Every structure is written in C-alpha cells, then in structure tokens.
Amino acid sequence: MIGDGMVLGDILKAVTLKAVHGGRRPPTTVEIFRRASRYRDEGRFEEAGVLVARGLQLDPDSVVGHMLAGSLHAALREMVPARAAFQQVLAVDALHPRALLGLARIALEEGDATGSAGLLRRALARYPEFPEAQALLEVVETGGPVVDRPAEAHGLRAERLRIPGECRELLVLHPDATLLLAQPRGARTEETGARTARLCRLASAMLTRSGLGTLHHAVVEGAAETTVIRTDADLVVSLTLGHEVETGVALGHAERLWSQCHQELAREAG
Amino acid sequence: MTGSASAEPVGRGQEVRALLREIVALPGVRGGLIVAADGLAIATELPPGMPVEAVSALAATLGRELELRGPRLRRGTFLAAQFTGTAGTVFVVSSPIGFLVVVAEADAHADAVRYSLRGAIEMLRRAWAR
C-alpha cells in the first residue's frame, strides 16, 4: 500500500464516485474492513489491501485497519511496512496481542531472539492463553546464545571425518547454535549455524505439536542445492550438496557423519 | 499491495479447501494446512486435538525461515522441505498464498505426498495468476 499512493488514490476515487453516482450509501469503515478481512481469509491479499487502504483513508486511526494492514503486508512478505503498521496499532493499544505477535515474528526472522521473547511475553501478559505466542515463545526460549569456540576445543577435526567429496558445506553444531565444526568456514558461517539451529528448533516444535516426536532428520531442497540434516538432542549435522547427489545417498552421508561426530566427541570426553 | 477489489469472492477459498482435502485423503496423511506468511491459516484439515493456532504459527515461522535461509545464505529459492520425527514427517512447500504444510505418519508414502504437493502448488499458481 505504501508507495502506491497515486495508483491507489485513482482506484479509490473511482470506487467512491461509482458509489455516489449509483445512489447507494457508501460503505462504512466497519463494512470495508469486514470485507477486507474476508478477502484476506481467502488469500486474496492484494484485493484486501486495496480495501484496507480505503478504510484507513476514511478512518486513519483505526486499530482494526492498521492491524489488517500489518497482517496483509506480512502475508505479502513486506516486513518494513508490516512493522510500521503493527507499531501504529501499539501506539493506540500498547498491549495489543496480535500486533505484539506480528512484531515478535519479524524480530525472530531478523535473528533477534531476545527482542522476540520480550514481545511475546508482553502479549502473554495481556492474554495468557494465546496459543500462537506460547508456541513461538517455547521455540525462542530453547535457543541459547551463539558461543563460538575453535573446533580443536571440541576434539572435532575435519580431517578425521570422511567428508564426501561432493560436499559444499558441512556444519556441526550443538542445538543451541554453538558451532563445533564448519567446512569451509566463511564470513556467513556463524549466521548459517544460527539459522540452522533455529530451523531445527522450529521443525522439532512443529513435529512435537503434530504428535510426531522430535526432529530426527530433514531434507531442504533449494533451487541450487540440497541440504540434509541429521540431529538429536545433542548434535546437529548439516550437509549441503549439489542436486547431482541423490537424497538417499545424501542422508546416508549425514547419518555416517553424525555417528562419527558422536564417537569423536565421546572419545574426547573420555 | 496493489490491485483492484472485485465485487465478490470468486470461490478461490473453496478451491483451496478442496485441494487440501485431496492431499489429506492420501494414505498415512494425518492432516494439512495452508497458512499465510503472517501466520493466518487460510485452510486447515487437521485431526481433532491438534492445536490449530499453535501449528499455524509454527508452520508460518518455519516456512519463512526456509524462505529467508536461501537468499540470506546465497542458496537460491527454497522449493520444498521435509522434517522427519520419530513418528512421522512434516512436508512444507512454498505457494503463492503462503505455505502448504502436510502432516504424515511414518508409514505414509513420501513420494506420493511430494507428487501431490507439486500438483497442488501448480494448481494454486494457476488459480492465483487468474
């Protein structure tokens, strides 16, 4: 909506004129937002967005309107205007649970677990039985700070693991994102490790809530490569390979590396 | 967000729900949902007792994490993912309206689920291009 003022303005003017010349009563903002909400529920985000813009022109301070706008921007992956809309809601109602949830999800996407947890706790202070906030807070609270130590301190050495030749990246970490080994190590390794740990926590929570136990392994297919993950309560092994490697073979590599890493760590501890 | 608001819905919601019901009818599939990136469930076919709100919030956050992982880490676009637990698998694919998520038991035929998901995504793309 933001940045499309001229186009949107023309559309809205035409809609308003049609209503006036048709002799019909113009819809109230309540009616506009209700219809927008119905469109949103059907996944018709852009049409809903036009209506919300129209409603907010008529009632710029509407909490319902700004909340809908934030939700629609987030649905369209427009996180900057989504954040602005949620903040508008909080300017009127500082403990609006859904606005706090929306901001918490944006903070989580940006890797700000502390900020996200704070927002979720504020939402739960207003509405303790808020299932979405409870579910996300559980995930956020299980993630610890990233503590990077050299691989040698953990007894894991790349040369002692039989890393497949097709491997584009290998990461071994604790579920709290403490990095044990990265091959190769680059400027984005820490971020990759933190994102991998968060992905595993989210997936594990999703599986648990669905009654399917905790995460054992994962396959993430990208346009350019595939990442396979083998994990348990102590270790995450993430292996990225090109599409030329079959998924079953890739999972076999991940399983073997996971087992080798456990053996190496046990040897070091013993 | 641009576009024009038509007078009445054209029944896309019904199409989406029918699509989901077909996938959920596959052997071993417990349920599924289509959730927008903001966490709002657009269609759900989940068994009784499964916490819809919590699962929707987690599914959307998981989908976004998968989406962001690719470009941030220069890995290209996320296509599909499957997460296997001790008692079954969760499948996640990206769609024009959000994420299509399927919850399947351990004995479900993973290839059949993936095949159905690919078809569903194509159908959603066509419907949302209209």
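Analysis parameters
- Residue positions are given per chain, counted from 1 along the sequence in the order it is written.
- Lettering of chains starts at A and numbering of ligands starts at 1, both following the order in which they are written.
- In view of the model being predicted, local features appear only for residues whose pLDDT reaches at least 70, and side-chain atom pairs are presented and counted only at 80 or more, with totals across whole chains, interfaces and linings using the full set of residues.
- As a convention, hydrogens and water are excluded, and side-chain values are obtained from all of the structure's heavy atoms.
- As a rule, the C-alpha atoms of each element are fitted with a line to give its axis, helices using only the stretch in contact, and angles between N-to-C directions run from 0 to 180 degrees.
- Under the scheme used here, helices are H or I runs from DSSP no shorter than 4 residues and strands are E runs no shorter than 2 residues, and both carry numbers assigned from the N terminus.
- Oblique is the label for any angle not under 35 degrees, not over 145, and not in the 65 to 115 range, which are roughly parallel, roughly antiparallel and roughly perpendicular in turn.
- In this scheme, a crossing is called left-handed if the near helix is turned counterclockwise away from the far one by less than a right angle; it is called right-handed if the turn is clockwise.
- Contact definition: two residues touch when any of their heavy atoms are within 4.5 Å.
- For this classification, Asp, Glu, Lys and Arg are treated as charged, while Ala, Val, Leu, Ile, Met, Phe, Trp, Tyr, Cys and Pro are nonpolar and the rest, including Gly, are polar.
- Relative accessibility decides the category of a residue: with a 1.4 Å probe and only protein chains considered, values under 20% of the type maximum give buried, values over 50% give exposed, and everything between is partly exposed.
- Here the quantity called buried area is the accessible surface, traced with a 1.4 Å probe, that two parts lose on coming together, added over both.
- A carboxyl oxygen of Asp or Glu within 4 Å of a side-chain nitrogen of Lys or Arg is what we treat as a salt bridge.
- Only strands that DSSP links by at least two bridges are regarded as paired with each other.

*Asks:* An account of the packing of helix α4 (residues 63-75) of chain A against helix α5 (residues 79-92) of chain A is requested, with residue identities and associated values reported.
*Replies:* Residue and element names in this part refer to chain A. In the contact formed by α4 and α5, the axes pass within 8 Å of each other and the chain directions differ by 155°. As far as their axial angle goes, α5 and α4 are roughly antiparallel. In terms of crossing hand, the pair formed by α4 and α5 is left-handed. The residues of α5 that touch α4, namely those facing Val63, His66, Met67, Ala69, Gly70, Ser71, His73 and Ala74, are Met79, Pro81, Ala82, Ala85, Phe86, Gln88, Val89 and Val92. Of the residues that constitute the contact of α4 with α5, the class distribution is eleven nonpolar, five polar and no charged.

*Asks:* I'd love a proper account of the environment of A:Gly49, names of residues and values included.
*Replies:* Residue and element names in this part refer to chain A. Here Gly49 shows up in helix α3 (residues 45-58). The buried category is assigned to Gly49, whose relative accessible area is 0%. C-alpha separation for the pair Gly49 and Leu68, spaced 19 residues apart in sequence, amounts to 8.3 Å.

*Asks:* Go over the interface of chain A and chain B with me, naming the residues and quoting the values.
*Replies:* Tallying the contact residues gives 68 residues for chain A and 63 residues for chain B. In total, about 5700 Å² of surface goes out of reach between chain A and chain B, with carbon and sulfur atoms giving 58% of it. Between B:Glu65 and A:Arg195 there is a salt bridge, with its nearest N and O atoms 2.7 Å apart. Partitioning the side of chain A that touches chain B into residue classes produces 30 nonpolar, 16 polar and 22 charged.

*Asks:* Can you explain the pattern of salt bridges? Please cite residues and give values.
*Replies:* This model, assessed by the stated rule, comprises 24 salt bridges over all chains. Salt-bridge contacts for A:Glu138 lead to A:Arg209; the nearest nitrogen and oxygen are separated by 3.0 Å. A residue pair is termed long-range when its members are at least 10 positions apart, and A:Glu138 in helix α8 (residues 131-142) and A:Arg209 in helix α9 (residues 189-209) qualify at 71 residues. A:Glu255 serves as the salt-bridge partner of A:Arg230, at 2.7 Å between the closest nitrogen and oxygen. With a gap of 25 residues between them, A:Arg230 in strand β4 (residues 225-231) and A:Glu255 in helix α10 (residues 247-269) connect regions that are remote in the sequence. A relative accessible area of 7% means that A:Arg230 is categorised as buried. The structure contains a network of salt bridges with shared partners spanning A:Arg188, A:Glu191, A:Arg195, A:Arg198 and B:Glu65.

*Asks:* Tell me about the sheet that holds strand β2 (residues 41-45) of chain B, residues and numbers included.
*Replies:* Working definition: the strands of a sheet are paired by backbone hydrogen bonds and lie parallel or antiparallel to each other. Strand order in the open sheet formed by ten strands is β2(A)-β1(A)-β5(A)-β4(A)-β3(A)-β3(B)-β4(B)-β5(B)-β1(B)-β2(B), with antiparallel pairing between adjacent strands. At either end of the open sheet lies a strand with only one pairing partner, and these are β2 (179-183) of chain A together with β2 of chain B. The mean angle between the axes of side-by-side strands here comes to 10°, regardless of whether they run parallel or antiparallel. Pairing of strand β1 (residues 167-173) of chain A with strand β5 (residues 236-242) of chain A, which is carried by six bridges, proceeds in the antiparallel orientation. Within β5(A), the position partnered with A:Cys167 by the bridge is A:Leu241. Against the sheet, α9(A) contacts β1, β2, β3 (215-222), β4 and β5 of chain A together with β3 (78-85), β4 (88-95) and β5 (98-105) of chain B, and its axis sits at roughly 70° relative to β1(A).

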